Amino acid sequence: MMNFEGLDPGLGDYSSGLHGSLEPGLEPSLDPRMDPSLLQGVELDQDGLAVPGADSVHLLEGMFSELHSVAAEVGIPVTATHFDVQEELLWMGNHRGHASSFFGPTMGRYSSYQAHLTDEVRQIQSMETGVLFLTKSNLKCHTRGGLVMFDYPMEEGADMHSLLLTDNNTLLMGGLQNYVTEVDLSTVQETQKFDVEAPGVAIIRQSNRFFFCGTTSGKMSLRDLRTFKMEHEFDAYSGSLSDFDVHGNLLAACGFSSRGLNGLACDRFLMVFDLRMMRAITPLQVHVDPLFLRFIPTYTARLLITSQSGQCQFCEPTGLASLADIFHINTGGQLLMSFDVSSNKQALSFGDSGGGVHLWSSTPEVSFNGYSRETDFALPCQVDSLPQLDWGHDLMPLSLIPTPLTTEPLISDWSSTLATPSPRRAPPVDAEILRTMKTVGFIGYAPNPRTRPRNQVPYKIKEIEQEYDSYNQEPESPIGRDEEPHLYMVPKKYRKVTIKYSKLGLEDFDFKHYNRTLFAGLEPHIPNAYCNSMIQVLYFLEPIRCLVQNHLCQKEFCLACELGFLFHMLDLSRGDPCQASNFLRAFRTIPEASALGLILADSDEQTGKARLGRLVQSWNRFILTQLHQETQEQEGPQAYRGSTSSAQGSSAESVIGRLFGCEVENSSLCRCGKETVRSSLTLLFTLHYPEQNSTEKASKEHEFTEILKKSICLEQSTQAWCENCEKYQPTVQTRNIRCLPDVLVINCEVNSVKEVEFWKTQAEYAYNKAVKKEAAEPPKPKPEPLPPTEWCLENEQPNMEGLTFATKAEDLKHVWIPLSMKMSISKSQGLEVSSWPEGEELSQAEEDEGAAVYDLVVTLSHLLDARTGGNLVAHIKVGETYHQRKEGVTHQQWYLFNDFLIEPIDKTEAAQFDVNWKIPAILYYAKRDYHSKYDLRIKNPIEASVLLTEASLARKQRKSHATFIPLMVSEMPQTSDLVGLDAEFVTLNQEEAELRSDGTKSTIKPSQMSVARITCVRGQGPNEGVPFIDDYISTQEQVVDYLTQYSGIKPGDLDAKISSKHLTTLKSTYLKLRFLIDTGARFVGHGLQKDFRVINLLVPKDQVVDTVYLFHMPRKRMISLRFLAWYFLDLNIQGETHDSIEDARTALALYRKYLELSRGGNDDVRKVLKGLYEKGRKQDWKVPEADPTDGQGSPKRSSVYPSVMEL
């Protein structure tokens, strides 16, 4: 395929006939520097000769380095290499027609056979069923194991050099003759022959627009994909073409230029052509003699150029080549003959003239393809390993000896009467299947009635049949199977999502599978996480998001403060889920929440006893009332010096009241004529449905706006106290509103079968009306055909199926609520509510009269599940500001929020309620452009004063017990300052797990941890290593395990009555860490990922330095802090218990050690890590017991850092 003339004289012999100047009949020779007599009588090892190297290879991520090399056949040049596109195999073909394959990055020999008796293998191409080998006059297809599938000989005089697989069954072959052959691989016959100009085609490439054909005369032609007609031609080199490649709109080529009488010389200028303008752009000068050339697009369209001597260089096709991008293939003095790149661009292969194959990769865990199928391996032969039988042993099984293959009867054969098959008849097909079956052709399709066990067909035995009829399939565990029988009608995205825990916890759980957006989901495994969907609803209301993030008060358990902390994490997250553990912890301490029954026991959540639909509506009312109270309270003495009062803290009106509040007039009229009028503020309304008479078989038709108006302006009769009559009397109570809220919150109250039937009936009425309206409308004219585009040929029409620009009646099935409403209060104080077309705006006159359009922005649904009580999901219309912050685009979109599953949906799906499984719970309607009334700026309320001295909650703490020195004003951390951090935890709830039938353990619910101690030490300055935070966190929840051996926390340390520690609230310490994060401090510690997760903090990755990853090698175990301290620092820590000050100081010292090692370069670091792992294996990763006389001790006893008392 390549032009070797003008390079090395010995190399040119390997490509016979590529140039006409070669003498016919010249026998191919070996490398001229090799003595042929050395190869006589040499028998090669069939397993290949591996080049000796290091035990393990360490590669820098993103940079190509040599991974492995093998010598296939010593002295026989490798003329073709190819990465299999189906399996993890690397193929090579040599100068004598032999082919071999190697498996995976270790290059273990997989198969080896003769592809052609004499001719060299010029190109290899893998297919799904086999591998194609092209020689000078032959095309052969083998299975990957070596069996011949077909042998296709060429015409007399053919000199083939290249092939191209245009689709699964079509192949083009070209060479140094005046035609290109097209072969159908399914029939192995020639289908077409395209004439080309002399000297023929040596290289063929393909893009989505053209075939590209390169010739030995230095030209490249662009040909039509269907007719092979030449469309354009580039004259690249005056001598000959060596190689070229195509990527996007660029064509790059390398070759040889004529030098008069001196023949051909390798041209160091690469020719680059722009396929959009069909002309050459500035040639690219490189620093090696280019022989091979490939595009390796990663982040940019990089080019890799390779010379015959093994020098390789990366460069940009439109930039300048740099000497820093050159690397060298160690061929041992041999010349490169072949080159290939894997389909995923992670691996490179080189074949040299000495028979060596070199594998280079950019990652140590390389794979050749994005998705490779499994490779079949031959079973080992067991004939030579048969056991010796003791014939005198009575219990020796004779079946250990395989039975020979014979056609004669054996003595052990059963008699024909016993061996005659007598099959039982299959049971009849279930009548339900036959009743519901639809036949297409000769195949019947029916839904599974699930009256029988999975993959089992019982025979009609009476006892068994009765047992099967009463069978009810139960999942193996609370996690359930992928397909649950009672959820067959529920779409999968709506079902309850659960986290499957492994040995690594959550580290290897693929959250991206459930959420491909940049918005953050919420984890569901925390107690009372049923309110996750409502938390998302509040977050996506911009005024509330800004309000709670500006709020900071002195209360220990303030839901507004905790929501602000949680919303800050949701803002920072880029699609990773967050957890509301701190918010729910504060929620469980609110007395009103407990009184309303909003706090669930774990047993209620797991068994499904809780009625989630009613529960979340009560939670909705509670949270709005609670936030209204907390954000309008008058602030007292500040808990955090220098912090300002919360937003709108001094006024009697809160943002919640302005946003949701509606002033209502409640009037009570007694039959004596006495009328009492009271005014109040309500934050939401509850739907009230009309009473149905027992004589009526079906409900009457009602508009949703009619029901909403009657629910807001409610009129009902009830017994009430009358001051005039001085007794309880029947009174008529009416309610009227004086103003319209900015956001209308509606609790649907669909809590019984009666309300469910009412919704179902009204949705059917609305659907039938929409169908009739659509049928009455004249059919719309078909749109004019679109002009041809680059995606559509001239004779084809673009397919418009699936592109709808208006809502069809079919989409309105199960829809009763409108997407937009118009609301106004007339001069007589009467409320008017009506449906409104979604895209239309109000006239100026209607706006002047006080009318407003409300758009649906939230629907929250309860999904029925008889086993667990169901789950709650929210449909939220996410506004422009959120998309602008996360994605940099400005648009609105509906999304489904199902805990950590987030998926975009259509607007009609948000309003659809199939009450068989999806029950409406809460609706939010918002005025158009209501944001403009509110200040949406966020000013971080956390100030530096949170780090200053504070009093301890413990009554017995003394100054002599102080373990830390608070920061002075002059020591306040700056951006990129180091802070050593360590945290200790206690267990609130033990892990829940089950044993599977195979003996493995499956974690259903992980243990619930709570932070008990947080320590921060100075990372620089004269007091480096001295703690400035050492807080013990008080907790009101019951601790089931203090984990003293690992945490150092003892019973009583967290009790304010008896503790001698510096005891604070979690909120106080949380604010300190938040301030450090906001100032840009860098945290150094060991295993910080778990620490921040339990503390419920989201820290940017560039602010975390975790020593567990600094001293870690790929595919190796994580190393404990104790072992690292012993190995690198000669310190013996964590003897009896853990101490967070000691651990934080040790992590800092290890980071300093790592920086010291890094000065010597990455090679030095790898050598040190290799020695670390070798030492660890020898020690079984255990630190030897310290000898009191050897001077070893913990950091607290050493002179590495000064103690607090010394300062």
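Cut-offs and rules
- Residue positions are counted from 1 within each chain, in the order its sequence is given.
- For this predicted model, a pLDDT threshold of at least 70 governs which residues receive local features, and a threshold of 80 or more governs which side-chain atom pairs are given and counted, while totals over whole chains, interfaces and linings are taken from all residues.
- Calculation of side-chain values draws on the structure's entire complement of heavy atoms; hydrogens and water are dropped beforehand.
- At least two DSSP bridges between two strands are needed for those strands to be called paired.
- For the purposes of this entry, the term helix denotes a DSSP run of H or I that reaches at least four residues, the term strand denotes a run of E that reaches at least two, and both are numbered from the N terminus.
- Helix axes are fitted only over the stretch in contact, all axes being lines through C-alpha atoms; the angle between N-to-C directions runs from 0 to 180 degrees.
- Each residue is placed in one exposure class: buried if its accessible area under a 1.4 Å probe, protein chains only, is under 20% of its type's maximum, exposed if it is over 50%, and partly exposed if it falls in between.
- Planes of paired rings set the category: under 30 degrees apart is stacked, over 60 is edge-to-face and the rest tilted, where pairs are Phe, Tyr or Trp rings (Trp by its six-membered ring) whose centres lie within 6.5 Å.
- Convention used here: angles under 35 degrees read as roughly parallel, angles over 145 as roughly antiparallel, angles from 65 to 115 as roughly perpendicular, and any remaining angle as oblique.
- Residue contacts follow a heavy-atom distance rule, with two residues in contact if any of their heavy atoms lie within 4.5 Å.
- For this classification, the nonpolar set comprises Ala, Val, Leu, Ile, Met, Phe, Trp, Tyr, Cys and Pro, the charged set comprises Asp, Glu, Lys and Arg, and every other residue, Gly included, is treated as polar.
- To form a nonpolar core, buried Ala, Val, Leu, Ile, Met, Phe, Trp, Tyr and Cys residues must be joined to one another through side-chain atoms within 4.5 Å.
- UniProt positions are given in the numbering used here, feature names are shortened, and annotations may be inferred rather than shown by experiment.

**Here we look at the sheet that holds strand E5 (residues 98–103)**
- Across the sheet, four strands lie side by side as E3-E4-E5-E6; this open sheet has antiparallel pairing. Either end of the sheet is taken by a strand with one partner, and the two such strands are strand E3 (78–83) and strand E6 (108–114). Across the sheet, the axes of successive neighbouring strands diverge by a mean angle of 20°, strand direction being ignored.
- Where strand E4 (residues 89–94) and E5 come together, five bridges link them in antiparallel fashion.

**Looking at helix H5 (residues 532–539)**
- The element H5 is extensively covered by neighbouring structure, given that eight of its eight residues are classed as buried.
- Along H5, the residues classified as buried are Asn-532, Ser-533, Met-534, Ile-535, Gln-536, Val-537, Leu-538 and Tyr-539.

**Some remarks on the pairing of strand E40 (residues 820–825)**
- Burial of E40 is extensive: six of the six residues sit out of reach of the surface.
- Residues of E40 alternate between two faces, with Ser-820, Lys-822 and Ser-824 on one and Met-821, Met-823 and Ile-825 on the opposite face, all of them buried.
- Inspection of the sheet shows E40 paired to strand E42 (residues 852–863) by four bridges, in the antiparallel sense. Each residue of the ladder has a partner; that of Met-821, found in E42, is Tyr-854.
- As judged from the five bridges shared by E40 and strand E41 (residues 831–835), these two strands associate in the antiparallel manner. Bridge pairing in E41 places Met-821 opposite Ser-835.

**Description of the pairing of strand E30 (residues 347–352)**
- For E30, the buried fraction is high: six of the six residues fall into the buried class.
- Side chains Ala-347, Ser-349 and Gly-351 project from E30 onto one buried face, and the interleaved Leu-348, Phe-350 and Asp-352 project onto a second face that is buried too.
- Of the pairings in the sheet, the one linking strand E29 (residues 336–341) to E30 comprises five bridges and is antiparallel in character. Among the inter-strand pairings, Asp-340 is bridged to a residue of E30, identified as Ser-349.
- Hairpin connection, E29 to E30: the antiparallel pair is bridged by five residues, and Lys-345 has positive phi, about 65°.
- Bridging between E30 and strand E31 (residues 356–361) involves five bridges; their strand directions are antiparallel. When the sheet's bridge partners are listed, Leu-348 is paired in E31 with Trp-360.

**Focus on the packing of aromatic side chains**
- Applying the stated rule across the entire model yields 45 aromatic pairs.
- With a centroid separation of 5.7 Å and 80° between ring planes, the pair formed by Trp-759 and Phe-913 is classed as edge-to-face. Here Phe-913 lies in the loop between helix H17 (907–911) and strand E46 (918–927) and Trp-759 lies in helix H14 (residues 753–776), a separation of 154 residues in the sequence.
- By relative accessible area, which is 3% here, Phe-913 ends up buried.

**Let's talk about the packing of helix H7 (residues 559–572) against helix H11 (residues 612–632)**
- Running from amino to carboxyl end, H7 crosses H11 at an angle of 100°, the nearest separation of the two axes being 9 Å. Judged on the interaxial angle alone, H11 and H7 are roughly perpendicular. Facing H7, whose interface residues are Leu-559, Ala-560 and Leu-563, H11 presents Phe-622, Ile-623, Gln-626, Leu-627, Glu-630 and Thr-631.
- For the contact of H7 with H11, the residue count by class is six nonpolar, two polar and one charged.

**Here's the deal with the nonpolar core**
- Of all hydrophobic cores here, the largest spans 104 residues; its most connected members are Tyr-530, Ile-535, Trp-619, Phe-660, Tyr-924 and Phe-1083.
- Here the element with the most residues in this core is H7; it accounts for nine residues.
- Non-local contacts of Tyr-530, meaning those with residues more than four positions away in its chain, are made with Phe-587, Leu-598, Leu-600, Leu-612, Leu-615, Trp-619 and Leu-872.

**Description of the UniProt feature "binding site: a divalent metal cation" (unreviewed entry) in the chain**
- Under the UniProt annotation, the feature "binding site: a divalent metal cation" (unreviewed entry) is placed at Asp-982, Glu-984, Asp-1091 and Asp-1143. Taken along the chain, the residues just named run across 162 residues; in space they keep tight, none of their C-alpha pairs more than 12.9 Å apart.
- With respect to the secondary-structure elements, Asp-1091 resides in helix H20 (residues 1088–1095).
- Note on Asp-1091: relative accessible area 6%, which makes it buried.
- Beyond its immediate sequence surroundings of up to four residues, Asp-1091 is in contact with Asp-982, Ala-983, Phe-985 and His-1086.
- Setting aside anything within four residues of it in sequence, one finds Asp-1143 in contact with Asp-982, Glu-984, Leu-1121, Ile-1133, Gln-1134 and His-1138.

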